[in-house]
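Chain by chain, the residues:
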Amino acid sequence: MVLTAEQKKENKRLTNKRYREKNKEKLNEINRLKAKLYREKNKEKIKEYRDKYQKNNKEKLKKKRETDEGRKNTRKASWKHHGLIWESEDEYNDIYNRYLNSLRCEKCSCEYTENNKKCMDHDHNTGKFRNVLCIACNVVTDVKISKNNRTGVVNISYNKKQKKWIYAKIKNNKKITKYFKYFIQAVIFKREYEESQI
Ligand SMILES: [Zn+2]
């Protein structure tokens, strides 16, 4: 039996389709790597495109951020930025739901307030989520003060003469300096200020 050109074409199409179905995982992995390589090679171009898109779609993006889904994604980016690691989307959803539904600090049981907000406590070595805590509890969990008065916290120092804790940071050529009587006030300010800048 001699196949027509049409039939040959159809056979080839079916063979390719079967191959793709059989090697789905492998091909996905290859595509993923290709995309990664492309992103690495075209960093500048991608950034330029993204900046332009963000500039031209300010209102649209703002509306999107204010939806539940948008808030979830913003939170996700912020946690990632702070070093929280999750293995799967399901794990992230579990953590996020626990965060959303938390009404009281899981350590001291206080209710969250405007100043003492809820935040994520994670192991800084492994990136693994531990608890949903109030800021004050989270600060105590995280921060160790070393003997020679150096705080171990970036941007916070102690001025012996003034007997004050100082938070100082330069951003966009502007220096922000704040003075506090207590160390914990400086840490709480740092947390809130830096989180508001993300
Ligand atoms: Zn607490």
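Read on for a plain summary of the structure.

Conventions and cut-offs
- Residues numbered from 1 in each chain as written.
- Predicted model: local features only at pLDDT ≥ 70, side-chain atom pairs only at ≥ 80, totals over all residues.
- Pairing = 2+ DSSP bridges.
- Helix = DSSP H or I, 4+ residues; strand = E, 2+ residues; numbered from the N terminus.
- Axes fitted to C-alpha atoms, helices over the stretch in contact; angles between N-to-C directions.
- Contact = placed C-beta atoms within 7 Å.
- Buried ≥ 20, exposed ≤ 12 C-beta atoms within 10 Å, placed from the backbone.

### Notes on the sheet that holds strand β5 (residues 174–180)
Then step 1. Strand order in the open sheet made by the 3 strands is β3-β4-β5, with antiparallel pairing throughout. Bordering the open sheet on either side are β3 (156–159) and β5, each of which pairs with just one other strand. Between one strand and the next, the sheet's axes are offset by a mean angle of 30°, whatever the strand orientation.
Then step 2. Relative to strand β4 (residues 164–171), β3 runs antiparallel, the two being bridged by 4 bridges. In the strand pairing of β4, Y158 is matched with W165.
Then step 3. Across the sheet, helix α8 (residues 183–196) touches β3, β4 and β5, and the angle it forms with β4 is around 20°.

### Overview of unusual backbone geometry
Trans peptide bonds make up most of the peptide bonds, and negative phi angles are found at most residues other than glycine.
Then step 1. A positive phi angle, near 65°, is found at S109, a position not held by glycine.
Then step 2. Position of S109 relative to the elements: it lies in the loop between α6 (89–101) and β1 (118–122).
Then step 3. Taking the C-beta count within 10 Å as the criterion, S109 has 10 such neighbours and is therefore assigned exposed.
Then step 4. One non-glycine residue, K163, lies in the positive phi region at around 55°.
Then step 5. Relative to the elements of secondary structure, K163 occurs in the loop between β3 and β4.

### Quick word on the environment of N116
Then step 1. On the secondary structure map, N116 appears in the loop between α6 and β1.
Then step 2. On the basis of neighbour count, N116 is assigned to the partly exposed category, with 18 C-beta atoms found within 10 Å.
Then step 3. With 19 residues separating them in the primary sequence, N116 and I135 have C-alpha atoms 5.4 Å apart.
Then step 4. Residues in contact with N116, not counting those within four places in the same chain, are C110, C134, I135 and A136.

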